[in-house]
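Take a look at the letters that make up each chain.
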Amino acid sequence: MKIHAEALLFDNDGTLVSSLASVHRCWTRWAEEFGITQEAFERVELHGRPAVEIAADLLPADVVPRALARIEELEVEDVPGGGVQLLPGTTALLDSLPADRWAVVTSATRRLAEARLEAVGIRPKTLVAADDVTRGKPDPEPYLLAARELGVDPVRCVVFEDAPAGLRAGRAAGMSTVALTTTHPVRELDADLVVEDLSALSALVTAAGVEIAVRS
C-alpha cells in the first residue's frame, strides 16, 4: 500500500520518541503530591491528551493552573535523565524529508515538547503544541493548524499517530492516517494503514509531494 501526500504530520510521544517511563514516573509523583487517589488516577487516560484536560478531570478548577505548572516542571526535569528515547525508524524517515514538508503535532506543552525533541536531536521547522490551540486531540484543531502553517490542504496531509485520540483528530481533519502499534494494540487503532513503527515505512520525495510506502 502507498499513501501520497504533500505534508507529513507526526505526533511526538509514542510516534517519534518514547517517554512512557518518564510519563508514568512524573504523573505518579504529581498525583501523590496533589492527593489524588490511585483509583481516581487509574480511571483517567494519560496518553495523547493535553495535561490541562487530565488535570481538569482530577482537580478543582482553582487548583489546575498550579497543577499544570508542576507537571510541566516534573516532566522537563526528567528529560536529561533518560526520560526520552528515539523510536525505531524516526531518524531515517525524518532525514529523508524536506524541512517544509513535515511537522510535529503534540499534546505536550511547547516547553516540554522542545525539551524532549532537543534531547534526541529532532529540530522541526514547524511544531504545534498544546499552547497553540484551544482544543486538543481528538479535536482536529491541532492538525488543521499544522496544515495551515505548512500551507498544505488538509486532505493532502497524512497523520502518523500511536493513540486513538490522535487518529480521531486526524480523521476529523480530513487527513489520511497511519497508526503505529507502539502503545496500543491493533484492535484499538482505526487508521488507513497500521504498522509496528516508522522503521516499517519509506518516503520518496517527488515533484508532486511525498509517497509513503511499506518496506518489503
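Each remark here, short or long, concerns the structure printed above.
Residues numbered from 1 in each chain as written. Predicted model: local features only at pLDDT ≥ 70, side-chain atom pairs only at ≥ 80, totals over all residues. Heavy atoms only, no water.

**Quick word on the pattern of salt bridges**
Phase 1 of the analysis: Under the counting rule described, the total for this entry stands at 18 salt bridges.
Phase 2 of the analysis: Asp-11 is the salt-bridge partner of Lys-137, the closest N and O atoms lying 3.1 Å from each other. Here the residue Lys-137 occupies a position in the loop between strand S6 (127–128) and helix H7 (141–150), and Asp-11 occupies one in the loop between strand S2 (7–10) and strand S3 (17–18), the gap between them amounting to 126 residues. Each member of the pair, Lys-137 as well as Asp-11, carries the same accessibility label: buried.
Phase 3 of the analysis: Arg-70 is the partner of Glu-73 in a salt bridge, and the nearest nitrogen-oxygen pair spans 2.6 Å. You can see Glu-73 and its partner Arg-70 sitting in helix H4 (residues 64–78), three residues apart, about one turn around the helix.
Phase 4 of the analysis: Overall, Glu-73 belongs to the partly exposed group, its relative accessible area being 30%.
Phase 5 of the analysis: Judged by relative accessible area, Arg-70 falls into the buried class, the value being 17%.
Phase 6 of the analysis: Each of Arg-29, Glu-33, Arg-70 and Glu-73 takes part in one network of salt bridges that share partners. (Salt bridge = Lys/Arg side-chain N within 4 Å of Asp/Glu carboxyl O. Helix = DSSP H or I, 4+ residues; strand = E, 2+ residues; numbered from the N terminus. Buried < 20%, exposed > 50% of the residue type's maximum accessible area, 1.4 Å probe, protein only.)

**Some points on H7**
Phase 1 of the analysis: Of all ten residues making up H7, seven are buried, and the element is well covered by its neighbours.
Phase 2 of the analysis: Within H7, the full set of buried residues consists of Glu-141, Pro-142, Tyr-143, Leu-145, Ala-146, Ala-147 and Leu-150.
Phase 3 of the analysis: Looking at the buried positions of H7, the neighbouring elements they touch are S2, strand S5 (102–105), S6, strand S7 (157–161) and helix H8 (164–172). (Contact = heavy atoms within 4.5 Å.)

**Some words on the pairing of strand S11 (residues 209–214)**
Phase 1 of the analysis: In terms of burial, S11 is largely enclosed, as five of its six residues are buried.
Phase 2 of the analysis: Pairing analysis gives four bridges linking strand S1 (residues 2–5) to S11, with the strands arranged antiparallel. Looking across to S11, one finds that Lys-2 is bridged to Ala-213.
Phase 3 of the analysis: Both strand S10 (residues 201–206) and S11 contribute to a ladder of six bridges, which runs antiparallel. Within S11, the residue paired with Leu-204 across the bridge is Glu-211.
Phase 4 of the analysis: Adjacent in sequence and paired antiparallel, S10 and S11 are bridged by two residues. (Pairing = 2+ DSSP bridges.)

**Side note on the nonpolar core**
Phase 1 of the analysis: Counting 32 residues, the largest nonpolar core has Leu-8, Phe-10, Phe-160 and Val-178 as the members making the most contacts within it.
Phase 2 of the analysis: Considering each element in turn, this core owes the most residues, three residues, to helix H6 (residues 110–119).
Phase 3 of the analysis: Trp-27, Ala-40, Val-63 and Ile-71 belong to the second largest nonpolar core, which has 20 residues in total. (Core = buried A, V, L, I, M, F, W, Y, C linked by side-chain atoms within 4.5 Å.)

**Looking at the sheet that holds S10**
Phase 1 of the analysis: Spatial strand order, S1-S11-S10: three strands in an open sheet with antiparallel pairing. Either end of the sheet is taken by a strand with one partner, and the two such strands are S1 and S10. Averaged over all neighbouring strand pairs, the angle between strand axes comes to 20°, with direction disregarded. (Axes fitted to C-alpha atoms, helices over the stretch in contact; angles between N-to-C directions.)

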